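Per-entry structural report
Chain by chain, the residues run as shown.
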Amino acid sequence: MRPRALPALEDNYVWVLGEGAKALVVDPGEAAPVLRAADQGLCPQALLLTHHHPDHWQGVPALLERWPGLAVFAPDDPRIDLPCERVGEGSRLALLDLEVEVIAVPGHTRSHIAYLADDALFCGDALFSLGCGRMREGTPVQMHASLRRMAALPGDTRVCCGHEYTLANAAFALAVEPDNRALAQRRDQALQQRQAGLPTVPSTIASERACNPFLRCDQPGVRAAVATRLGRPATDEVEAFAALRAWKDGFAG
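The phi angle of most residues is negative, glycine excepted, and most peptide bonds adopt the trans form. The residue after V201, namely P202, is reached through a cis peptide bond having omega 10°. Within the secondary structure, P202 sits in the loop between α5 (181-195) and β14 (203-204). Positive phi, normally seen in glycine, also occurs at D97, with a value near 60°. Checked against the element boundaries, D97 lands in the loop between β7 (92-95) and β8 (98-104). Owing to a relative accessible area of 85%, D97 belongs among the exposed residues under this scheme. Of note in the backbone geometry, L130 takes a positive phi value of approximately 70° without being a glycine. Note that L130 resides in the loop between β11 (127-128) and β12 (131-132).

Taken together, the 5 bridges between strand β3 (residues 22-26) and strand β4 (residues 43-48) define a ladder with parallel strand orientation. The partner of A23 across the bridge, within β4, is P44. Once the chain exits β3 it traverses helix α1 (residues 32-39) before rejoining the sheet at β4, and the crossover so formed is right-handed. Examined bridge by bridge, β4 and strand β5 (residues 71-75) share 3 bridges and lie parallel to one another. Each residue of the ladder has a partner; that of A46, found in β5, is A71. Handedness of the β4-helix α2 (residues 60-66)-β5 crossover: right-handed.

We now examine the pattern of salt bridges. Summed over the entire model, instances satisfying the criterion amount to 14 salt bridges. For the salt bridge of R245 with D249, the shortest nitrogen-to-oxygen distance reads 2.8 Å. Of this pair, R245 and D249 both sit in helix α8 (residues 237-249), 4 residues apart, which is roughly one turn of the helix. For R245, a relative accessible area of 3% gives the class buried. When salt bridges that share partners are traced, they join D77, R79, R110 and E137 into one network.

Strand order in the open sheet formed by 6 strands is β1-β2-β3-β4-β5-β6, with mixed pairing between adjacent strands. Sheet topology places β1 (4-8) and β6 (85-87) at the edges, where each strand pairs with a single neighbour. The mean inter-strand angle of the sheet, taken between neighbouring strand axes irrespective of direction, is 30°. Pairing of β5 with β6, which is carried by 3 bridges, proceeds in the parallel orientation. Residue P75 lies in a different strand from β6, and its bridge partner there is V87. Where α1 meets the sheet, it contacts β1, β2 (12-17), β3 and β4, and its direction lies at approximately 125° from that of β1.

Time to look at the sheet that holds β7. The mixed open sheet is built from 6 strands, whose spatial order is β7-β8-β9-β10-β13-β14. With one partner strand each, in any of the chains shown, β7 and β14 form the two edges of the open sheet. Relative to β8, β7 is paired through 4 bridges, and the arrangement is antiparallel. In the strand pairing of β8, L93 is matched with V100.

This part takes up the packing of helix α4 (residues 166-176) against α5. With their axes 10 Å apart at the nearest point, α4 and α5 run at an angle of 160° to one another. Viewed along their axes, α4 and α5 adopt a mutual orientation that is roughly antiparallel. Regarding α4 and α5, the two cross each other, and that crossing is left-handed. Residues T166, L167, A170, A173 and L174 of α4 form the contact with α5, whose participating residues are L183, A184, R186, R187, A190, L191 and R194.

What follows concerns the nonpolar core. In this structure, L93, Y115, F122, L147 and L244 are the most contacted members of the largest nonpolar core, which totals 55 residues. Not counting chain neighbours up to four residues away, the residues in contact with L93 comprise L48, F73, V87, L98, E99, V100, V102 and Y115.

Calculation notes
Residues numbered from 1 in each chain as written. Predicted model: local features only at pLDDT ≥ 70, side-chain atom pairs only at ≥ 80, totals over all residues. Heavy atoms only, no water. Helix = DSSP H or I, 4+ residues; strand = E, 2+ residues; numbered from the N terminus. Buried < 20%, exposed > 50% of the residue type's maximum accessible area, 1.4 Å probe, protein only. Pairing = 2+ DSSP bridges. Right-handed = clockwise from strand over helix to strand, strands pointing away. Salt bridge = Lys/Arg side-chain N within 4 Å of Asp/Glu carboxyl O. Axes fitted to C-alpha atoms, helices over the stretch in contact; angles between N-to-C directions. Contact = heavy atoms within 4.5 Å. Parallel < 35°, antiparallel > 145°, perpendicular 65-115°, else oblique. Left-handed = near helix turned anticlockwise from the far one by under 90°. Core = buried A, V, L, I, M, F, W, Y, C linked by side-chain atoms within 4.5 Å.

Take a look at the structure:
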């Protein structure tokens, strides 16, 4: 099944996964894109939520008005105040003839989860194309571990993230690794996609491993850039990641 990105709000994506009319809907931060798709025949079978930030679930009440009783799955976090089934690490959902695996990926928020369905990873704001989420609640140890876990998935896994941030992330990534040819090619591809009015996602885990600095904290070029930033070599990958994330938080390029 090929995942489809529906633009929502300012730069969010609502993800749809399904064959024919029946589909799973991930992170509906706005109901309107899903309702428009329903006018073209979409029939949601379940809603999957990755974390508690409203831009990833505030469309749910309107969708439940349209489809009363629709199954909603969400992390175990009371800040998602909705009728839903709570899921977490190790949960497995049988939906649309798929086994959907739930993975805990704390860091952006403490209760953030991702869903692995077929070859698609719905990762919310944990992992982005060429970037990762800010550490709103988690620690560098948690976030780095979550990113390493996602990076270990098969290379053809499609990265279905929650926002259209690729070009902004590319600018930072190139500041870290200006000589990374795969990254430059990815930036050029993303620019062409945006000029054509297309999403730059999904990416793939293989592409992220080759291009995303937050998944490359063990690489010499990234470590050298971090050492220049810190004025000394990082003691380990976690410190390198934390330095990268702090650098990105203040990056204006």
